[in-house]
Amino acid sequence: KSHSMAENVSFVKSFLSGVIDTNSYKKMMSNLYFVYKAMEEEMEYHKENDLIKPIYFVELNRSESLALDLNFYYGDTWKDIIEPSEATRVYINRIKKISKEKPLLLIAHAYTR
């Protein structure tokens, strides 16, 4: 049900049908970069945790691929140009908080990526 609900969001509909403006796509890619970077850093930190170890796969990391896309769209200075949205900042802070307090909760976040 949640998958079909997500498909009905206007942005996702536009994305899936191939109709999306470049600026919106660039913003989405930027936000995804920040989210993946935070998740990858925290998973890396806890990779020896007995419960996280079985689901820690470097192959799932996407920040380097996203960085290549951002370099394509923004140029070599992309790191100086992009910044996370407020919602992305809130989510990144949540990832960092659970990493410190209850790292086991990272599993749910890692699963949904």
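Residues numbered from 1 in each chain as written. Predicted model: local features only at pLDDT ≥ 70, side-chain atom pairs only at ≥ 80, totals over all residues. Heavy atoms only, no water.

K.L.:
What should I look at first to understand the pattern of salt bridges in this one?
P.N.:
For side chains of opposite charge, pairing can occur when their charged atoms come near one another. Taken as a whole and assessed by the stated rule, the structure comprises four salt bridges. With a shortest N-O distance of 3.8 Å, R89 and E83 are connected by a salt bridge. For R89, a relative accessible area of 32% corresponds to the partly exposed category. Put simply, R89 and E86 hold a salt bridge, and the shortest N to O gap is 3.4 Å. A residue pair is termed a helical-turn pair when its members lie 3 or 4 positions apart in one helix, as R89 and E86 do in helix 6 (residues 86–101) at three residues. Overall, the relative accessible area of 54% leaves E86 in the exposed class. The network of salt bridges with common partners includes E83, E86 and R89. (Salt bridge = Lys/Arg side-chain N within 4 Å of Asp/Glu carboxyl O. Buried < 20%, exposed > 50% of the residue type's maximum accessible area, 1.4 Å probe, protein only. Helix = DSSP H or I, 4+ residues; strand = E, 2+ residues; numbered from the N terminus.)

K.L.:
Looking at this structure, I do not really get the packing of aromatic side chains. What am I missing?
P.N.:
Two aromatic rings, taken as a pair, are described by how far apart their centres are and by the angle between their planes. On inspection of all chains with the given rule, the structure shows four aromatic pairs. Geometrically, the ring pair formed by Y33 and F34 is edge-to-face, given 5.6 Å between the ring centres and 70° between the ring planes. F34 shares its class with Y33; the two are buried. Seen in terms of ring centroids, F72 and Y73 are 5.0 Å apart; in terms of plane orientation they differ by 85°. Their pairing is edge-to-face. Here F72 falls in the exposed class, since its relative accessible area comes to 66%. Aromatic rings pair up to connect Y25, F72 and Y73 into one cluster. (Phe/Tyr/Trp six-rings, centres within 6.5 Å; stacked < 30°, edge-to-face > 60°.)

K.L.:
Can you help me understand helix 6 in this one?
P.N.:
Because an α-helix packs 3.6 residues into every turn, residues spaced three or four apart end up facing the same way. Between its first and last C-alpha atoms helix 6 spans 22 Å; for 16 residues at 1.5 Å apiece the expected length is 22 Å, and the two agree. Every buried residue of helix 6 is listed here: T88, I92, I95, I98 and S99. Buried residues of helix 6, seen end-on, are gathered within an arc of 130° and therefore sit on one face of the element. Of the residues in helix 6, the exposed ones pointing more than 90 degrees away from the buried face are E86, A87, N93, K100 and E101. Where helix 6 is buried, its residues meet helix 3 (22–45) and helix 7 (106–112). (Expected span 1.5 Å × (residues − 1). Arc of directions from axis to C-beta. Contact = heavy atoms within 4.5 Å.)

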